[in-house]
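Observations on the model geometry
Given next are the chains, with one letter for each unit.
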Amino acid sequence: MCLDGSATIPYESINDDYCDCADGSDEPGTSACPNGKFYCTNAGHIPSYISSKLVNDGVCEPECCDGSDEYDGKIECPNICEKVGAEHRKLAEQLAKKRAEGARIKREYIQHGEKLKIQLESELNRLKNVLESAKIKVSEREVALKKAQEKEEKEEKGKVESTTKDQVRIQKYREKIRTLQEREERLRDQVNTLLDILKNMKKDHNPNYHDMAVKTAIKGYDELVEEYESEMEENMEFDQEGEIDEDEIIEEASQVPEIDMSPPSLSERISDAFLTLYNDFLETFGLSEYVIHKSERQFSKSSSGGKSKEVIAAFDAYDKAEEEKKNIENDLEEINKKLAKDYGTKREFAKLDDECFNHDAGEYTYTVCMFGKATQKSNKDHASTHLGYFKKWIGAESKGDYKYYTAQLYDHGTRCWNGPDRSVKLYLECDTENKILSVTEPEKCEYIIKMTTPAICPENVEGNKNKKSNHEEL
Amino acid sequence: MVVTILVVSAVKPQDFRTCAQTSFCRRNRAYADKATSGSFISPYNVIKDTINIEDGIISGELINTENRVLFIFEIHILINNSVRIRINEKNPLKPRYDRVKYWSLIQEPSNTLEYTENSINGKDMFTSLSFGIDRNHKVIIYHTPFHIELLINDVPIITFNNRGFFNFEHLRKKDDPVNKPELVIQPDINAEEAEIQTEEEKEEKQEEGLWEETFNGKIDSKPNGPESIGLDISFPGFGHVYGIPEHTTTLSLKETRGGDGGYNDPYRLYNLDVFEYDLDSPTALYGSIPFMLAHRKGASAAILWLNAAETWIDIVKSKDDKSFLGFGKATPSTHTHWFSESGIIDVFAFLGPTTSDIFEQYGSLTGFTALPQSFAIGYHQCRWNYLNQRDVAEVDAGFDENDIPYDVIWLDIEHTDGKKYFTWDKTKFSDPEKMQKDIGRKGRKMVTIVDPHVKRDDNYYIYKEAKDLDILIKDKDGKAFDGWCWPGSSVYPDWTNPKAQDWFVKKFAFDQYEGSTEYLFIWNDMNEPAVFSGPEITAPKDLIHYEGWEHRNLHNLFGMAFHAATSQGLINRTNPNHRPFVLSRSFFVGSQRFGPIWTGDNFAKWDHLAASSPMLLTIGISGIPFSGADVGGFFGNPEPELLVRWYQTGAFQPFFRGHAHIDTKRREPWLFGEPYTSYIRDAIRQRYILLPFWYTLFQEASTNGMPIIRPMFVVFPDNEETFAMEDQYFVGNSLLVKPITSQGQTSTEVYFAGKDIYYDYYTFKKVQGSGKVRVDVLMNKIPVFLRGGSIIPRRQRFRRSSLAMYSDPFTLIVALNKKGEATGTLYLDDGKSYEYQKGHYIYRKFNFTSGKFTSTSLNNDQVQNDENNYIRSNKFIKIERIIILGIDKLPKKIIGYYNDLIDDKKELEFKISKDIVIIRNPKLLISNDWTIEFVN
C-alpha cells in the first residue's frame, strides 16, 4: 500500500527501482520517484532526508555525510560524518556565542532607544513651552514695529521733495545689480550642474550602444568644454583687473542720465533664451526635478529706502524674534521626526540613527548612513554618487512579520543614464558588529548591501537557537 | 531612363552600407541591368582549342572580347554528385585571393572518373560530358558566349551565366586608360527626387569608388582598384531557394529587386556586429554562409559560392520561363546573381537529388558538425554579467532550490581584469578554480568569454606575446592596427596567420590560462570582428594580413579562424583529448567543425521569438545544425509570458541558453514567481527528458549532415504546401514543434502533413484530422506532436544536470503509424572524450513491426562488445518503461528475451489505459539485443 493510499502494490515492487506510488513512497531507497525522499542515517551527525533525485547521480551530497546516497558504484562517497559532525558542533557553538553576545548588545540598544525616546519627549515638551513665549515676543515686536512706521510716515509727509530722483534711481540700480548678480550666480550653478551631467554621461555611457544622439551629445560636450576652457583663460585676464565694486558703479550710475528700464537688456534676452533651451533640455532628459527648483528660489526681500533709525531698529528686533521662533519650530520638527521614525519594535535601531558605515569594494567605497542616505565614492577620483535616501523597512509585507525589520530600502538616488533612479536594498544579519559585508549591483543601479548588526539578533537566544542554527549557517 | 526612388526602412541605416553605397554592388547590379536589356551579349567566350578534359576536369581559357583579357576556367566533376567551377585570371597583375578553401574545405575534394565525354554534334558550339554511375547527369559548356548548364535526365537543374551577368574585373593599374572597367550606369538611387543625369555626371559616377571609397567619413584606400567578380546562377523550375544565412528573413528567401513583398537591396553577406538589428531584412549580420539550396517537388540542388569577401546576392523569380525545356508553363524559376568584392570564382554545385543527399554532399566537403560533449545540449544560464563568485554560487544554488536542471553557468566580459581576456577581476573572483570546482562537483560546467581583440597594455602578457611574435594585423601603412573595442584601444592578432593559430592554441593550457580548470569552456564574441571605431563597426578593408593579403579578401572567414584556434586550444589542453565547447557569434563555411553559434543580440520582443525559428532553420540547413537564439531576448525586459514562451521554444532548439544584457532586470527562471517558475521548470525538464533523443540526433548530424531541427519541406519534400512553412518544424523526423509566438494565444493552427498519425507529445492522444488543424494552447506548454512511426528514447528521472543522468534508465516511446510500425535509434557514449571514434559507444536500432519490438546493434565492428569501454562501464543501464501508442490489438501477454538467450523468456508486466500500453520495468539492458513479443 502506498503511504497516500492511492494504490496497492506487491511487496516486490518496493525499492525495485520503478516508481509505482504517486507519492513516491514505494521507492525510499532509489531515485525512481521524482518526489521520493531518501533517508541518510549519518551516524555521528544529524540524520537527514534528501530528495530521491540526488540518489546515484554521481555527486556526494553534503547532506548525506555517510555517503549512503551513492551506491551504484559510479562514485565512492566516503563517510565523513565524524568530521562534519565535529565541525558542525563547533560552528553551532560559535554561533550560539555570537548570538548571545549579539543579544546582549541589542539589549543595550533597546535601552538606549528607550532612554532617547524619553529624552526627546521631555525636550519636546520644553520646546513647546519655549515656542509659546517666542510667539508672544514676535507679536509684541510686530506691534512696536508698526508704531514706529506710523510715526515715520507722519514725519515724512512734510519733506517729500528732499528725496531726490537720483536716490530713487540709485536704489533701483542697486536692486537691479543685486538681482543680476544673483542671477548670474544661479546660471553659473546651472551650467556647472549641466556640465557635470554631461561629464557623467560621457564617463558612464555604454559604447556598445552606437547611439548617435549620445555620441553627438558627447562630441558637442567636448567641443564646448574646449571652448569654455579657452574662454575661461581670457576671462581670467579680465578678472585680474579686480572685483567689481558695487558702490563705484552706483557712483558712476548716478552721473548717468535717466535710463529706460522697461525693455529687457541684451543680456537678459540672451539668458532668457538660454533658460528656455535649458529647460527644454532638462525636460528632454527628465532632469527637471533635480535642477529646476534652484531657479525658482526667490531672492528678493522687500525693503524700501529711506527708513528712520527707529524703524530699522524695530524691524531688526522683529526679525530676530521671528527667527528665534522659526529655529524653535525647526527643532520641534526635528524631534517630532525623530520620534516618528520607525526604529523597530523596541526602538533597537535608534542607536544606529545617522551612524555611517563604509565598505571598500575595490573600485568604489560605499557608505550607508542608517536612516539617512547611501553613497558611492570612486576610489580613483573621489567622485561621489548618491544612491538614495532611507525610505522604509522592506523585510516583509507587514510589521507583524518578524522579518519586517531585516531589510531597508533607500531610494531616489541619482538617476542612471538610460536607467532608473539609483536605489539600495540593505539586508541585515545578526552579528556582534555593525559592518557592511558586501555590496553588489545585480541589476544596473539597483544595489544590494549586506550588513551585520546586533540590532536584529534574536533577544531570546535560548528560544531561537535550536530552530535556526541548523539550516541558517550550514 | 529609369529612375528609382530610395525607400529607407532600417532603424540605423546610417551605420551600414546599402548596395547603392557600395561601388562594386552598384557596378554589378548595373551590369546585370545592362545584360537584361535588349541586345546585350556576354563578351566572355571560350577559346575552343584550349579545352582539355582530363581526370574529371574540363579546363580551358576564356576571353573577354571587349578588352582581350584572358581567364582560365576549370570544371571538376566530383565524387558525391557534385561539380566545382573555378575561374581566375590567366595572367593577373598579382595573385588573387584563393585561400578560402584551406579554411572551409576539410580536404581538396576528389574528382570522379565516372564520366563520359559526349560526342560530337556541334562540338564547336559546346562541350558536353555525362557523369554519375548511370551517366544521367550532364554538364554542358557553351562556348559563345560562355555559359554552363547542369542537367539531370536532360532537365536543366542549375545554370551559370545564362543571363550573361558574368563579370570578372581583372586587376589593373590605376593610370592605364584602356583598363577602365566596362561599366554601365545605374541610376542614382540615392536621389530623393527624380532627376535626369547628364552624360558628365554618369561618367563621374562610373569612376566613383574604383580606387577609393568613403563611408561615414571612413576611407577605404583600395590600392588594387576594382577587382569584383559576379555570376548569375539560375535554378530553372525551382520556385523556392533557402539558405545564405545570416539574415532576419523568411525561410524561403524573398526576391530582392523590388516587386510585391520583395526587398530593394540584395541579400548581403558581410560579418558585422549589428546593434539592435531589424527583422525581415536582407542586411548583413554576424555570420555568412554563401550556400543556397533550391527545392521543388522531386528535386533539390544547391550551390556553395566559396568566397570570403563581401558578397551580395540578388534573387528574382520568374513565373513563366520559356528558356528551359519542360518548364514552359507557369512553373516558377529562381534566378540568382552573386557578386563578391574580390577573390576568384570557386563555386560548388550539389545535385542531390534529395535534401539529405545535399546535406551529406555539403558536409563531406566542408565537414560535419563536431559531436559536442553531452553537457553542451543541456540548458545554459548566462547573463552579462554574473557579478562575482558569490553571485555565481547563489544562481547555481537557485537552480537546486527551485528544482530546475541546468548544465552551464556563463561569465561575460566583466569577469576579466579590465577586459583582458584570460585574466580575472580578483576583487570579484578571488578563487576562480574553487568556483569552477564547486560548480563542477555537481556535474556542471562554466564558460568564460574570450574575444579576438587584445588590450593594448604592455603589462598584459597576451598583448606582449602577440606583439613580440609579430602576428598583429597591420594597417595599410604597416603599423599594428589599433581599433577600439571593450578594453578601449586594442590590437587584433591575425588569426589567419598559422603562427597566431599555433600560439593561441597554447594559451588554453591549464598552466597558461590562470584560474582555468577542466570544467571551464569558452565563448568567442565580437569576432566579426567588431571594431567600434571602424567602418560599419568592423575592420577597415585595407588592413594587411598574413602574406600581405588585404582584409577585404578574407573578412567573412576571420571570425571562424578565431573560433578554430579557440576550439583547438580546448582540445589540446587535456591528455587524452576532450571534445571542446566554444560558442561563436561570427561564422562562415565550416564553422560547424568548431562549435555552436548563436544569433547574437536579439530583443525581448515577441517578433524576435518568432524570428528565431526561420533563422535557426536556415542556419541548420546551411551546414551548422548546432545553433540557438538568446532565450528571453538579449536587449530589454521580457514580460513573464514572453519569457515562458521563449523557454518553451528554446527547449526545442539545438542550442539552449538564457542570456541578457547588463542593463536588463534579472530574469533567472524562478524570479517571476508562480505559475511562471513551474512553466519554465517544465520546459527545461522536457529538454532534459529528451536529451538522449537530442544526443542521438547530434551524433547522426555529425556523420551525415542532417540538420537537427528540420524545416517542413525537408521532412515532406513532395508536399508543396510545406515549402514556405517556417512557423512549425521538426526535431529529427519525429517531433513536430509549433512555437507560440504571440501574447495571450489560446489556440493555434498546426499543419499535419501527409497521412501520418500524430500523437500529442504530452497526453499521447491521437490528433484528429489532418492538414491544417486548430489546436488549443495552454500556458504551460507549446504544441508538440509525435509523428507516428517513430520511437523516441527518453530519460525521465529529474536530475540537476545532464551528467547526473549518466546512468539513468530509459523510457522508450513507441508511436505506431497506420501500419502498426515504428523505428528509432539511440546513440550513447561517454559524452566527453574521443573514445567513440575508436568504437566505444552504444548505437541501437529499435524496430516495432507485426507485434514484435526489437533492439539491435548499429555499432560498427571497430571493437567487440566485451572490449567496448563504454559498454563495459555502463553494462547495467536498463530500460525501465516502454510506452506503446496507437496499438491496434491490445495484447494479452507480453514476452521479452535477449536474442542470445532465446530459451529464457520472461513475461513482462504491463498496464493498458485506453489504447496505450505501458510495459512496467522490463529491466532489459540497453546494450544488449532483445526482442519483445506481443501475444494477443
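Residues numbered from 1 in each chain as written. Chains lettered and ligands numbered in written order. Predicted model: local features only at pLDDT ≥ 70, side-chain atom pairs only at ≥ 80, totals over all residues. Heavy atoms only, no water.

If you look chain B up in an unreviewed UniProt entry, it shows as Glucosidase II subunit alpha from Glomus cerebriforme. We quote the UniProt Pathway (unreviewed entry) comment for chain B here in full: "Glycan metabolism; N-glycan metabolism." Its UniProt record, at the heading Subcellular location (unreviewed entry), says of chain B: "Endoplasmic reticulum". (UniProt positions renumbered as here; feature names shortened; annotations may be inferred.)

Under an unreviewed UniProt entry, the name given to chain A is Glucosidase 2 subunit beta, and the organism recorded is Glomus cerebriforme.

It is worth spelling out the UniProt feature "coiled-coil region" (unreviewed entry) in chain A at this point. When the UniProt feature table is mapped to this numbering, "coiled-coil region" (unreviewed entry) covers residues 81–241 and 311–341 of chain A. Between the C-alpha atoms that bound residues 311–341 of chain A the distance is 45 Å, and the span itself is 97% helix and 0% strand. (Helix = DSSP H or I, 4+ residues; strand = E, 2+ residues; numbered from the N terminus.)

Before going further, it helps to examine helix α1 (residues 23–36) of chain B. Residue and element names in this part refer to chain B. Taking 1.5 Å as the rise per residue, α1 with 14 residues should run 20 Å; its terminal C-alpha atoms sit 20 Å apart, in good agreement. Counting buried positions along α1 yields 12 of 14 residues, so the element is predominantly enclosed. Buried within α1 are the following residues: Ser23, Phe24, Cys25, Arg26, Arg27, Asn28, Arg29, Ala30, Tyr31, Ala32, Lys34 and Ala35. (Expected span 1.5 Å × (residues − 1). Buried < 20%, exposed > 50% of the residue type's maximum accessible area, 1.4 Å probe, protein only.)

Turning to empty space enclosed by the protein, a few remarks are in order. Where empty space is left becomes clear once a probe the size of a water molecule has been rolled over the atoms. Residues and elements named next belong to chain B. Per the stated rule, a full pass over the model turns up 16 cavities of 30 Å³ or more. Computed from the structure, the largest cavity encloses a volume of approximately 220 Å³. Around the largest cavity sit 16 residues that line it, and Ser374, Tyr695, Arg795, Ser802 and Leu828 are the ones nearest its centre. Elements with a minimum of two residues in the lining of the largest cavity: α13 (691–704) and β41 (822–828). Considering every element that reaches the lining of the largest cavity, the biggest residue donor is α13, with three residues. Grouping the constituent residues of the lining of the largest cavity by class yields 10 nonpolar, three polar and three charged. (1 Å grid on protein atoms, 1.4 Å probe; cavity = no way out; pocket = protein on both sides within 12 Å on 5 of 7 lines; lining within 4 Å. Points joined across faces, edges and corners; volume = space filled by probe spheres on them. Nonpolar A, V, L, I, M, F, W, Y, C, P; charged D, E, K, R; others polar.)

This part covers the packing of aromatic side chains. Residue and element names in this part refer to chain B. Here the structure, examined in full by the defined rule, presents 77 aromatic pairs over all chains. Seen in terms of ring centroids, Tyr97 and Trp549 are 5.0 Å apart; in terms of plane orientation they differ by 80 degrees. Their pairing is edge-to-face. Within this pair, whereas Tyr97 is found in the loop between β4 (82–89) and α2 (100–104), its partner Trp549 is found in the loop between β27 (520–524) and α9 (551–572), the two being separated by 452 residues in sequence. Note on accessibility: Tyr97 and Trp549 belong to one class, buried. An angle of 70 degrees between the planes, with centres 6.1 Å apart, marks the rings of Tyr277 and Tyr286 as edge-to-face. Exposure class is identical for Tyr277 and Tyr286. Each is buried. Across the ring face of Phe603, the terminal group of Lys605 is positioned such that the distance to the ring centre comes to 4.2 Å. (Phe/Tyr/Trp six-rings, centres within 6.5 Å; stacked < 30°, edge-to-face > 60°. Lys NZ or Arg CZ within 6 Å of the ring centre and 35° of its normal.)

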